[in-house]
Amino acid sequence: YVPVATTFEHQKQNAIGVYIQDQIEIDAWRIGLGLRHDWHDSEFSKDGVHYARNDSETTWRASIGYVTPWNIMPYVSYGTSYLANPGVPFGATAQAQPTLGEQYEIGVKYEVPDKNILVSAAYFDIDLENASVYTFDTSVNRNVLRQLDLHSRGVELEVTASLDNGLSFTGGYSYNDAEIKKLTAQTVGNQFNSAPYHSFSLWADYDIQEGALEGLG
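So, here's what we can say about the structure. (Residues numbered from 1 in each chain as written. Predicted model: local features only at pLDDT ≥ 70, side-chain atom pairs only at ≥ 80, totals over all residues. Heavy atoms only, no water.)

Glancing now at the pattern of salt bridges. Going through the model one piece at a time under the given rule, you end up with 8 salt bridges. Asp38 is paired through a salt bridge with Arg36; the nearest N and O atoms lie 2.9 Å apart. The partner of Asp149 in a salt bridge is Lys182, with the nearest N and O atoms 4.0 Å apart. Of this pair, Asp149 sits in strand β7 (residues 142–162) while Lys182 sits in strand β8 (residues 167–182); the two residues are 33 residues apart in sequence, bridging distant segments of the chain. Using a relative accessible area of 18% as the deciding quantity, one classes Asp149 as buried. Looking at Lys182, the relative accessible area reads 38%, which means it is partly exposed. Bridged by salt links that share partners, the residues Arg153, Asp177, Glu179 and Lys181 form one connected network. (Salt bridge = Lys/Arg side-chain N within 4 Å of Asp/Glu carboxyl O. Helix = DSSP H or I, 4+ residues; strand = E, 2+ residues; numbered from the N terminus. Buried < 20%, exposed > 50% of the residue type's maximum accessible area, 1.4 Å probe, protein only.)

Taken as a whole and assessed by the stated rule, the structure comprises 6 aromatic pairs. Judged by centre distance (5.0 Å) and plane angle (50°), the rings of Trp60 and Tyr78 are tilted. Linking Trp60 in strand β3 (residues 49–66) with Tyr78 in strand β4 (residues 72–83), this pair joins segments that are 18 residues apart in sequence. With centroids separated by 4.9 Å and ring planes inclined at 55°, the aromatic side chains of Tyr78 and Tyr104 adopt a geometry described as tilted. In this pair, Tyr78 sits in strand β4 while Tyr104 sits in strand β5 (residues 99–111), placing the two residues 26 residues apart along the sequence. A residue is classified by how much of its surface remains accessible, and Tyr104, at 43% relative accessible area, is partly exposed. Linked through ring pairs, Trp60, Tyr78 and Tyr104 together constitute an aromatic cluster. (Phe/Tyr/Trp six-rings, centres within 6.5 Å; stacked < 30°, edge-to-face > 60°.)

In this section: the nonpolar core. Of all hydrophobic cores here, the largest spans 8 residues; its members are Ala131, Val133, Leu148, Leu150, Ala178, Ile180, Phe192 and Ala195. For this core, the secondary-structure elements that each account for two or more residues are β6 (117–137), β7 and β8. The residues contacting Ala178, other than those within four sequence positions of it, are His151, Ser152, Asn190, Gln191, Phe192 and Ala195. (Core = buried A, V, L, I, M, F, W, Y, C linked by side-chain atoms within 4.5 Å. Contact = heavy atoms within 4.5 Å.)

Two elements, β7 and β8, share 14 bridges in a ladder whose sense is antiparallel. Each residue of the ladder has a partner; that of Glu158, found in β8, is Gly172. Between β7 and β8, which pair antiparallel and follow one another directly, the connecting turn spans 4 residues, one of which, Gly166, has a positive phi of 95°. In the sheet, β8 pairs with strand β9 (residues 198–206) via 9 bridges, with the strands oriented antiparallel. Looking at the pairing, Thr170 lines up with Trp203 of β9. (Pairing = 2+ DSSP bridges.)

Below is the structure:
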């Protein structure tokens, strides 16, 4: 049995981005600056109906930290973001809006003396406008594209190490409270179910140190 195709979609996108960035060290101060501009042209057709949009967006980021005599660096950062989205949201008459983001972060990093070990902790606060998500709609009995606003805030803890015996690893934990700010009346204020409150990660790598397989990881 081969089901009959009832919906035909075609998407064409062209994107150009330019950016500049700089990392500055002034005594114990560490400063990061970045600027980016994106141009994005998109054409979308569905069942013979054509849509098009042109976007141009500038985003930037900045951070500053101070390395203390105890190898501890507190820092703060701010940045904006842009992401083009394909498709047409359910019930809309125009292509999906791009996702615009704004992020604040404050944290601290500690480098263990004489060891390749870095420990970091950070608090983040992120606002996303017009993020794309597919949700099930009972009126048409299928998943449809919608756009939502999100406010995400939480903490991240991470340890990164590269040891002399060839072992490297990265471990982390994050708590993320991602609240829906705009979607439907039933979902506003709820936790975004694609973003769990708690998440853990662990990555490890080992490189053989001697013998015929030296350097193999």
